[in-house]
Each structure stands twice: as structure tokens, then as C-alpha cells.
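So you can see what is in the structure, the chains are spelled out below.
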Amino acid sequence: MHPVNLEPGDQPFADATPRAVQPLAAQSVGVGVIGLGNVGSGTLAILAENADQIALKLGFPLRVEAVCSRSVADKQIPAALGSPVRTTNWREVVDHPDVQIVVELVGGTTVAREIIEAAAARGKSVVTANKELMALSGADLWDSAIAARINMAMEASVAGGIPIHAVLREGISGDRINTLYGILNGTCNYILTEIERRGAGFDSVLREAQEAGYAEADPSADVDGFDARSKLAILAALAFGERIVPADIYTEGIRRITPIDFGYAHMLRHTIRLICAARQTPDGLLLSVRPSLIPQSTILAGVRGAYNAVWVRGKYGADTFYYGRGAGPHPTGVAVVSDLMRVAREIRSGSPERVSPFAHARLGEYLPIPISLNRAAYYLRFRVKDRPGIIAQLAAALAAESISIEGVLQLPDEDASDLPFVITVEPTTEQALRDALARMAKMEFLIEPPLAMPIEASL
Ligand SMILES: NC(=O)c1ccc[n+]([C@@H]2O[C@H](COP(=O)([O-])OP(=O)(O)OC[C@H]3O[C@@H](n4cnc5c(N)ncnc54)[C@H](OP(=O)(O)O)[C@@H]3O)[C@@H](O)[C@H]2O)c1
């Protein structure tokens, strides 16, 4: 019996008549890459350097038929890829007759969306690394892809080097997930761990990170938490089977974290990380991206530098932990190439994965709820012009909202005109805490509004 070679669009069992075996190269799947920046260049390098292994693992090669970027003339295309069409017009890639999978590595939500929609309209599968677009419109794009009978894959969109989509869609999909914690922004994690390690201020560490290429010239998407928010929106949608959009997620960045905060956190045997959290509560799903105190003993506290990590807790399988590089041309390129291999296999086998990873069933129990319902112990850091009676006034504001003080911490400091100290409070609701902070806002001895961070107890 000869093997049956299916062509794209063939149904697996529609025609069992054996055909002549084709040489390996003739069975290749054609790829078009749009966007040749960090991820695009890493993807092409892996497709070129690892071509032999990829072909062996697949049973057929991937052929890069066309590449595109606005400055394509200046780009180095690895010689091993032969002579793909080079163009500045992405439509030429989508329209190329030998391109079966379109790789969208442009980013943003405008051109990228047009590329994906145009590919689907031509019956071509899509691989993308675009967290922003997938967080915003992934569910709708996936519905269109299913209607167009194409495959879509987006492993690289979250935690570049960690295959977390595959884990949630396949590896632990049989579990019922209660909680997901992530460190999902490498730039923030690098900055926080450098502040912790060296006692340097946020601004100087950010400047160094920009000079070293770890942070963008406009760092807002990273340090204000928006990049991590997109990633959490995608992971929470996959983990909980809900339609979750970025606006459902309470988001706070890391700009206010100082070396002093690490000093106090260490006194409490904690550290500070930008924690992306999705927690099932009896009322619904609590979603947040915010700097938080986490115990030094937890595995997440050991995630340093530009690394990412995801911790998932399921009802049946308990805790699993995933760790790796969150970004960079090669780690992210591996995710893109692995997606290409999966989609190519599905094209060959004619059995595409045509169930959307988003909102596979709206169970309702996982509906997002406001962060004001969060219940936690909190760390409150104050900067004050010192004078008698300050603690009494702050304690009164907390007591008025029925919040109990757990402790007061003050490291030695001689500057009475700008004195930092910390109050930790016992578990309370975020709403009560906000009401207490609103009372404090009127107190004239405060140099700036208090910094409030949850102390994560369940890690
Ligand atoms: N960087 C990472 O480590 C990482 C990790 C995970 C996911 N991602 C995601 O991967 C995607 C790409 O990120 P990146 O860092 O590789 O971005 P990048 O370095 O800025 O590269 C973007 C590429 O897209 C091209 N481009 C932009 N607009 C275009 C247009 N209208 N037509 C044709 N080409 C166009 C650019 O062309 P020119 O070079 O000619 O200007 C450039 O080659 C984004 O969605 C990002 O969120 C990135």
C-alpha cells in the first residue's frame, strides 16, 4: 500500500485511491513572511539553519516563497532560503500562488488585521505573533478563519519562548483551571530585578534598558502594563474559555516602584514583581496586571531579568509551572516556526484544528468581575513630611473603613522632610482600601499619594 499524499483542501478520507509518491521537495508547503524585524529575522534564520531537522520532523520541507517589509531591499535574507520573492507590498505575499501559510509579523492592529483578513479571504492559513490584535479581536478573527476553513496559530503572541498556548489548549486542557499567574513582560521584570539587585532608581534602569535594546524608546506599552495586559487577556481566554478583552483587566504599571519598596518588601520576606493574575472566585473571574508583593520563597520570585513564567493551578492536576525567555528573535522565532510546522501538518493531513481557542463555550461562571471585589492583604507605602500624629491619622482613615493594621515598618532615614514608611493591612476588599486611600488623599503631610500593592498570599 502506497502512502496517500493529500493536497491542500483535500479531505482526509474523500478519495482513498493511492497516488504516485512525490519526491520530498515537491511536497513542500509554501510560506510567506510579512514583517522582517526582530521576530521575522529570527524566524527566517531558523527556517534556514534548521531546515533539515524541520523537514525530517515533518516529512516534508517548508519553503519560503515570499518575504515582505517596507525596507525589504536592506534586509539580509539567508542564502539557504534560495530566492524568495522580495516585496514591499504585503498583498503580493498573500496573493502569491505558492504561499499556503501567511506569517504576519508586522504587529499593531491595522495592517496586521488587513493581512489576516486578506489571507483568510484567499483560503490561506495564518501564523501570527501579534498579541495586541489577538487580545483585542482574536475571537472574531478566529471565527472568520473557521468560516474560511483555514488554520490559524498564535503561539508566539504570549511569552515568546514558552509554548504556553499548546499547554493550555492541549497539555492541560482536561483540567479545570482555578488560577493563572504570570510574569509576562520581560522589560518590566528586567527593570524590577535590576532595581532590586542594585538599588538603582526606576529612571536610570529604564534608560540603561533602552540603551541596551531591552526597552523601546517609548516604554509605555511595557512599563505601564499594557503589553502584559494583552498577553493576560489571551491566556485567560484560553484558560477559562471566555471572551476576555483587555478592558476587562485592571492594569497598573511599575513606574512608582523604588529601591525603598524592595527594602520594605525584603523586611516582609517578599519581593516585588509585575504579576498578571487571573483567579476564579465564587463571584467570577478577577483579572489584574499590577506590581504585587510575592513571598521570596515562591518559585515566581526566582524569575529574574528578561525571563517570563506562567504558573497554572487546576482543580485536578494542581500546580504546573512554565518558564523561559519571553521575547527575542530566536525564542520567538522558535514559536513561529513550530506553529508553521503544526499548520503545515494540518494542511497536509487535511484535518485543521477548526475549534476556536477563544470562548469555546461561554460557561458564565468565569465572567470577569471588577477589581474592587478583590480581597487581599495590602502593602501601603507613604512618603510624608514628618510630624507627630501621622500614624494616628492614617490609622483613623483605615479604621473608618474597618481595615485592621497588621504592622508598621520604618527603615532608618534622616530626612524628616521626605520620610518613607510602610503600613501593612490585614485582608480587606479593594473597595474598602480605595475608600480609605481617598480619605488619606486630603492629608497635607503626604508628599505623594500612597502606593498600594496587594500581598499575594496564595502563591
Ligand atoms: N520582539 C519580540 O521579541 C516579540 C516577542 C513576541 C511577540 N512579538 C510580536 O511580533 C510582532 C513583530 O514584532 P517585532 O519585534 O519583530 O517588530 P519589528 O522589529 O518592529 O518588525 C516589524 C516589521 O514589520 C514591517 N512592517 C511594518 N509595517 C509594514 C507594512 N505596512 N508593510 C510591510 N511591512 C511592514 C517592518 O518593516 P521595516 O523593517 O521595513 O520597517 C518590520 O520589518 C509584533 O506583533 C510583536 O508584538 C514580538
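About the criteria used
Residues numbered from 1 in each chain as written. Predicted model: local features only at pLDDT ≥ 70, side-chain atom pairs only at ≥ 80, totals over all residues. Heavy atoms only, no water. Helix = DSSP H or I, 4+ residues; strand = E, 2+ residues; numbered from the N terminus. Rg over C-alpha atoms; globule rule 2.2 N^0.38 Å. Buried < 20%, exposed > 50% of the residue type's maximum accessible area, 1.4 Å probe, protein only. Contact = heavy atoms within 4.5 Å. Areas by Shrake-Rupley, 256 points an atom, 1.4 Å probe, with all protein chains shown as cover. Lys, Arg positive; Asp, Glu negative; His and termini not counted. Charge placed at Lys NZ, Arg CZ, Asp CG, Glu CD. Domains from an automatic or database assignment. Buried area = accessible area lost by both parts, 1.4 Å probe. Salt bridge = Lys/Arg side-chain N within 4 Å of Asp/Glu carboxyl O. Polar contact = N/O pair within 3.5 Å; in protein donor to acceptor, adjacent residues only side chain to side chain. Nonpolar A, V, L, I, M, F, W, Y, C, P; charged D, E, K, R; others polar. Near = heavy atom within 4 Å. 1 Å grid on protein atoms, 1.4 Å probe; cavity = no way out; pocket = protein on both sides within 12 Å on 5 of 7 lines; lining within 4 Å. Points joined across faces, edges and corners; volume = space filled by probe spheres on them.

Topic: the overall build of the protein chain
Helix and strand content of the protein chain: 14 helices and 17 strands. At 25 Å, the protein chain has a C-alpha radius of gyration in line with the 23 Å of a compact globule built from 459 residues. On the principal axes, the C-alpha backbone points of the protein chain span a range of 90 × 45 × 35 Å. With 459 residues in all, the protein chain has 53% of them scored as buried. Residue pairs at least 24 apart in sequence account for 73% of intrachain contacts in the protein chain once pairs closer than 6 positions are excluded. With the model as given, the accessible surface of the protein chain reaches about 19,800 Å², and the carbon-plus-sulfur share is 52%. Positive and negative side-chain charges of the protein chain, numbering 43 and 52 respectively, have mean locations separated by a distance of 2 Å.

A short note on the domain arrangement of the protein chain
Here the protein chain is partitioned into domain 1 (24-158 + 329-349), domain 2 (164-325) and domain 3 (375-455). The C-alpha centroid of domain 3 is placed 25 Å from the C-alpha centroid of domain 2. On the side of domain 3, 20 residues touch domain 2, which itself brings 18 residues to the contact. Across the domain 2/domain 3 interface, buried area totals approximately 1,600 Å², and carbon plus sulfur atoms make up 62% of it. Of all residues in domain 2, the largest losses of buried area upon contact with domain 3 belong to R256, Y264 and L293, amounting jointly to 43% of the total for that side. Linking domain 2 to domain 3 there are 3 salt bridges. Measuring nitrogen to oxygen at the nearest pair gives 3.2 Å for the salt bridge that ties E448 to R256. Across the domain 2-domain 3 interface, the total number found is 9 residue pairs in polar contact (both at pLDDT 80 or more). Elements represented by at least two residues in the side of domain 2 that touches domain 3 include exactly α11 (259-267), β9 (270-281) and β10 (284-295). Looking at the side of domain 2 that touches domain 3 residue by residue, the classes come out as 10 nonpolar, 4 polar and 4 charged.

Here's the deal with the site of the ligand
Around the ligand sit 21 residues, and of these L36, V39, R70, S71 and G328 come closest. A distance of 2.9 Å is found between an oxygen atom of the ligand and a backbone nitrogen or oxygen belonging to L36. In the complex, the protein chains occlude 77% of the 900 Å² of accessible area that the ligand would expose alone.

A look at the layout of surface pockets
Taken as a whole, the largest pocket encloses approximately 1,400 Å³ of empty space. As for the largest pocket, its lining consists of 47 residues, and the residues nearest its centre are N38, K131, E216, D227 and A327. Elements with a contribution of two residues or more to the lining of the largest pocket: α1 (38-49), α5 (131-147), α7 (186-198), α9 (220-223), α10 (226-240) and α12 (329-349). The element contributing the most residues to the lining of the largest pocket is α10, with 5 residues. Residue composition of the lining of the largest pocket, grouped by class: 19 nonpolar, 18 polar and 10 charged. Residues from two domains meet in the lining of the largest pocket; each of domain 1 (24-158 + 329-349) and domain 2 (164-325) gives at least three.

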